[in-house]
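Each chain is listed here by its residues.
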Amino acid sequence: MKQTPDIKPIATALLVAPAAILMFGVFILPFLFLVVLSFWSQAPGSVGMTPSFTLANYARIIGDSYYLGGLWTTLWLSGLVTLLCLVLALPLARWIVLHAKRSKGLLIGLCILPLVCGALLPTLGLVNLLSPLGFINGALKSMGLIKTSLPLLGNIAGVSIGLVQAFLPLMILPLISTIERIPHDYEKAAMSLGATRLVVWRRVLLPLMLPGIVAGSLLVFCASLTAFVTPQILGQGKVVTFASLAYQQAAMVLDWPFASALGMVMLLFLALAGLVGALVSRGLGRRT
Amino acid sequence: MTGSPYLRIRSVQKSYKGALALNDIDLAVEQGEFVSLLGPSGCGKSTLLQILAGLLEPDRGQIQLDGADITHLPPWRRNIGLVFQNYALFPHLSIRQNVRFGLDMLGMGRAEAEKRVDESLELVGLDPSLSRRPGELSGGQQQRVAIARAIAIRPRLLLMDEPLSNLDAVLRHKVRLELRELHDRTGITTIMVTHDQAEALATSDRIAVMQSGRILQFEAPEALYGAPATAFIAGFVGSPPANLLPLTASGPDSWTLADGQLWQPAAILAPKANGAEAGRACLMALRPETLTIGTTGEGGLPARVAAVEFNGGDRLVHAEAGGTRITVRIAASQVVTGPEILLFPPPQAPVLFDAATGARL
């Protein structure tokens, strides 16, 4: 049996302290401030804030179809991106697990690449690719497939492409780790028992992949919900997402209390997504 | 029946990345037989099993089952049961759901399927009221569930790939007996892949010994043991396997052993009686339990005792004879005296192989 080294509690505290202090100072404290701020009110005609306890900011979100619309767009856009990522990642992850032998490390590295090179660079690349005079429209025109450019920027299509590109790795990685743990013999056993390939997927592979699907979907959904740079650049201001609304209020209108309330609503939906994910995983845990 | 075998494998060939995994395999199995495919890893036995299951397609050749050509039939239409070394039970389904899986695929009604699940679980000696997940069972129980799942569909053929290899020694022995009993009760034609010759000898009606993608010999266990077709089989089958004594005919009446010593055995063991012309290099198979030990007498093989193992019911004497290690099994009551002994093969026609090809003389 492995022995844990005998470390005194005081030493443990000392080791944890730097990270804990940093987290408290730069994350917890500002976050608590954000919560409090969302109940304050903005002094009319100025940038000053009045400490108070008012639900006016939240009432304004619920009462204004502009903000509700932004929320709704963000939610279904995130759902769409999650679904697209799932559809693209499932076959890819399975292929990497089953067929990539020596190239596996390299392929996984390539999958992670969009995550580590930041949002700005690939998004600007996408602008070049998707714009009316960009590569895709140019190629389609020169092949004579289209006459006028397809609108791929400044709409949901462009934003979805950008978000899928950015967050696909968040789906691929959990899927790969789940699929790796499914022995190939399960499929053979199911087929010998009369299951066609489709039935094998439905009754054996997908149920066993569910933990990975849940984890990946949760990650992609939350990341899409809070994404700012990609929708901003590829949406060109025409796709109103919740993150961009919060940014407008905080950085342009300078209505910090209202921006905080928008942030809290976003957080609420993140928590809801997390809760759904946890419930599904627990249901799965009980079954296996 | 028209006299044609139940399962017929005809000149099946399969290669992986240029290497020949199966080379011109022919095999005929009768209905209700228990057949083992025996060989070391890489001999092609698992490949052959996968071809029978439809999980691999042969490059060439034909598989006939019950008179019909099934060579290109997909696995889900073959109705062939499969049992794996790692059990391959679906972890997200209960034990009963696992056993029912194939019945659901057949579209069987609920009541009938449930009854069949009960029957199958009882056949393998499990309590049908088990409502647990496969992960909560021991290895032996999991393998019983896997067998129940495979036989629940009343398969035309039951294929087992190293079904006992993940079990510990005691359990392996127990389950191996159960496999044979189950086969005798159900009468399902069974093909088992194994690398364990004792397992194959104990369970099978016939054994196909494979090496490098070929079937070397296909016979009943007794025939395989008593009259091995090649030196490889003689040195592989039996625990411990036959001793292979290298010797060269030096005249009609005597052999030269590996260390240059001359051995003049009983007439029936001499080169002349076995058609070995002078200079022919041979291997003589000597079963450990057929050799007797003495100190004096004509035709004995001089040997020097290196070690004696006591096994409870018997003793294994390990001795050096003519530069080769020879194992002899004697009764536990017998005592070996002195390091210098004489080994006497039984006075019957010996099993001799050509030293170069390993083929029977």
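Residues numbered from 1 in each chain as written. Chains lettered and ligands numbered in written order. Predicted model: local features only at pLDDT ≥ 70, side-chain atom pairs only at ≥ 80, totals over all residues.

(A) Here's a closer look at the overall build of chain B. Within chain B, the regular secondary structure consists of eight helices and 20 strands. C-alpha atoms of chain B, sized along the principal axes, occupy 75 × 45 × 40 Å. Scored against the burial criterion, the 361 residues of chain B give a buried share of 41%. Excluding contacts between residues fewer than 6 apart, the proportion of contacts in chain B whose partners are at least 24 apart in sequence is 64%. (Helix = DSSP H or I, 4+ residues; strand = E, 2+ residues; numbered from the N terminus. Buried ≥ 20, exposed ≤ 12 C-beta atoms within 10 Å, placed from the backbone. Contact = placed C-beta atoms within 7 Å.)

(B) Structural detail: the overall build of chain A. Summing up its helical and strand segments, chain A has 12 helices and two strands in all. Across chain A, helices and strands are ordered from the amino to the carboxyl terminus as α-β-β-α-α-α-α-α-α-α-α-α-α-α. Seen along its three principal axes, the alpha-carbon backbone of chain A occupies a region of about 75 × 75 × 35 Å. Within chain A, buried positions represent 31% of all 288 residues. Counting contacts in chain A only where the partners sit at least 6 residues apart, residues at least 24 apart contribute 73% of the total.

(C) Region of the structure containing helix α1 (residues 9-37) of chain A. At A:Ala17, α1(A) shows its maximal bend, which comes to roughly 45°, and the proline A:Pro18 appears one to four places after that position. In terms of burial, α1(A) is largely open, as just one of its 29 residues are buried. (Bend = angle between axes of the 7 residues up to and from the residue.)

(D) View of the nonpolar core. If you look at the biggest cluster of nonpolar residues, it comprises 152 residues, and the most contacted ones within it are A:Phe167, B:Leu52, B:Leu159 and B:Leu343. Looking at this core, you find at least three residues from each of domain 1 (7-234) and domain 2 (243-354) of chain B. (Core = buried A, V, L, I, M, F, W, Y, C linked by C-beta atoms within 7 Å. Domains from an automatic or database assignment.)

(E) Structural view of the environment of B:Asp354. Residues and elements named next belong to chain B. Locating Asp354 in the fold gives a position in strand β20 (residues 351-354). Residue classification places Asp354 among the partly exposed residues on the basis of 16 C-beta atoms within 10 Å. For the pair formed by Asp354 and Val209, sequence separation is 145 residues and the distance between their alpha carbons is 19 Å. With residues up to four places along the chain from it excluded, the contact list for Asp354 reads Cys282, Ala359 and Leu361.

(F) Geometry of the interface of chain B and chain A. Between chain B and chain A, the residue contacts involve 19 residues of the former and 16 residues of the latter. Within the residue set of the side of chain B that touches chain A, elements represented by two or more residues are β6 (80-83) and α2 (95-105) of chain B. Taken together, the residues that form the side of chain B that touches chain A break down as 14 nonpolar, four polar and one charged. (Nonpolar A, V, L, I, M, F, W, Y, C, P; charged D, E, K, R; others polar.)

(G) Structural detail: the pairing of strand β18 (residues 324-331) of chain B. All names here are of chain B. Note: strand β17 (residues 314-321) against β18, eight bridges, orientation antiparallel. Opposite Asp314, over in β18, you have Ala331 as the bridge partner. In sequence, β17 turns back onto β18 through a hairpin of two residues, with Gly322 there showing a positive phi of about 55°. (Pairing = 2+ DSSP bridges.)

(H) Broad picture of the packing of helix α3 (residues 65-99) of chain A against helix α7 (residues 156-180) of chain A. Residue and element names in this part refer to chain A. Two elements in contact, α3 and α7, have axes whose closest approach is 6 Å; the angle formed by their N-to-C orientations is 45°. With respect to each other, α3 and α7 are oriented oblique. Judged by the twist between their axes, the crossing of α3 over α7 is right-handed. Its residues assigned to classes, the contact of α3 with α7 shows 24 nonpolar, one polar and two charged. (Axes fitted to C-alpha atoms, helices over the stretch in contact; angles between N-to-C directions. Parallel < 35°, antiparallel > 145°, perpendicular 65-115°, else oblique. Left-handed = near helix turned anticlockwise from the far one by under 90°.)

(I) Seen up close, the pairing of β6(B). Residue and element names in this part refer to chain B. Alternating residues of β6 divide into Ile80 and Leu82 and Gly81 and Val83, and every residue in both groups is buried. Strand direction decides the pairing type here: β6 and strand β7 (residues 157-161), joined by four bridges, are parallel. The residue bridging Val83 from the neighbouring strand is Met160, located in β7.

(J) Here's a closer look at the sheet that holds β18(B). Residue and element names in this part refer to chain B. Strands sit in the order β15-β19-β16-β17-β18 across an open sheet of five strands; the sheet is antiparallel. A strand with exactly one partner marks an edge of an open sheet, and here the two such strands are β15 (292-294) and β18. On average, each strand axis in the sheet is tilted by 45° relative to the strand beside it, whichever way the strands run.

(K) Representation of the sheet that holds strand β1 (residues 7-16) of chain B. All names here are of chain B. Strand order in the open sheet formed by four strands is β2-β1-β4-β5, and the pairing between neighbours is antiparallel. The two strands at the open ends of the sheet, each matched to only one other strand, are β2 (19-29) and β5 (68-69). Its contacts with the sheet place helix α1 (residues 45-53) against β1, β2 and β4 (60-65), and it is angled at close to 60° to β2.

(L) Representation of the domain arrangement of chain B in the model. Residue and element names in this part refer to chain B. For chain B, the assigned domains read domain 1 (7-234) and domain 2 (243-354). Domain 1 and domain 2 are separated by 40 Å when their C-alpha centres are compared. With five residues of domain 1 at the contact, the number on the domain 2 side is five residues. Of the residues in the side of domain 1 that touches domain 2, the class split is four nonpolar, one polar and no charged.

(M) Quick look at unusual backbone geometry. All names here are of chain B. Here the bond from Ser239 into Pro240 is cis, since omega is -5°, no more than 30 degrees from zero. Secondary-structure assignment places Pro240 in the loop between α8 (231-234) and β11 (243-249). Phi at Ser11 takes a positive value of approximately 35°, unusual for a residue other than glycine. Tracing the backbone through its elements, the reader meets Ser11 in strand β1. Judged by local crowding, Ser11 falls into the partly exposed class, with 13 C-beta atoms found within 10 Å. Of note, Glu162 is a non-glycine position whose phi angle comes to about 50°, a positive value. Within the secondary structure, Glu162 sits in the loop between β7 and α5 (169-186). We classify Glu162 as buried; it has 20 C-beta atoms within 10 Å.

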